[in-house]
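Notes for the structure review
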Amino acid sequence: MTKGILPWALGDTSLSGAGVGFLTSDTVADTGTAILRLLTLSEQTTDLATAAANVNLSTNETLQTFTSFNSLRLDSGGGYVGIRLLTLG
């Protein structure tokens with residue numbers, strides 16, 4: 001859940017814009033070739049409970065403590081209720 005992202009890069013799996021997400025890079029095995037790909041579901045969490053994680057919210061979440069996250073994606077229905085400071089790194 002803490003896989004690094006490229007903060008300047010978004011990707012999409014559909015022409016309609018329905019599959020937008022953060023990109024990360026990987027190296028293809030035994031080739032040394034780097035590829036860009038969307039974060040997988042296993043590389044993201046769906047709540048604000050894990051610090052330094054890639055967060056993908058589809059419901060409203062309330063942050064109870066000061067926490068930093070790697071990325072925050074607000075999916076349909078997702079939101080952040082801020083009673084504490086949220087830092088993205």
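Heads up: the structure comes first, above all this text.
Residues numbered from 1 in each chain as written. Predicted model: local features only at pLDDT ≥ 70, side-chain atom pairs only at ≥ 80, totals over all residues. Heavy atoms only, no water.

1. Observations regarding the side chain of Arg73
Assignment of secondary structure puts Arg73 in strand β7 (residues 71–74). Engagement of the side chain of Arg73 in a polar contact is seen with the backbone oxygen of Val20, the distance being 2.7 Å. Side chain to side chain, Arg73 and Asn56 meet in a polar contact 3.2 Å long. (Helix = DSSP H or I, 4+ residues; strand = E, 2+ residues; numbered from the N terminus. Polar contact = N/O pair within 3.5 Å; in protein donor to acceptor, adjacent residues only side chain to side chain.)

2. Considering the pattern of salt bridges
Tallying each qualifying case throughout the model produces four salt bridges. Between Arg37 and Asp26 there is a salt bridge, with its nearest N and O atoms 2.3 Å apart. You can see Arg37 sitting in strand β3 (residues 34–38) and its partner Asp26 sitting in strand β2 (residues 21–27), a full 11 residues away along the chain. Bridged by salt links that share partners, the residues Lys3, Asp26, Arg37 and Glu43 form one connected network. (Salt bridge = Lys/Arg side-chain N within 4 Å of Asp/Glu carboxyl O.)

3. Overview of the side chain of Gln44
By the element assignment, Gln44 lies in the loop between β3 and β4 (54–57). Residue classification places Gln44 among the buried residues on the basis of a relative accessible area of 15%. Aside from chain neighbours lying at most four places away, what touches Gln44 is Met1, Leu39, Asn54 and Asn56. (Buried < 20%, exposed > 50% of the residue type's maximum accessible area, 1.4 Å probe, protein only. Contact = heavy atoms within 4.5 Å.)

Any functional reading would require information beyond the geometric quantities listed.
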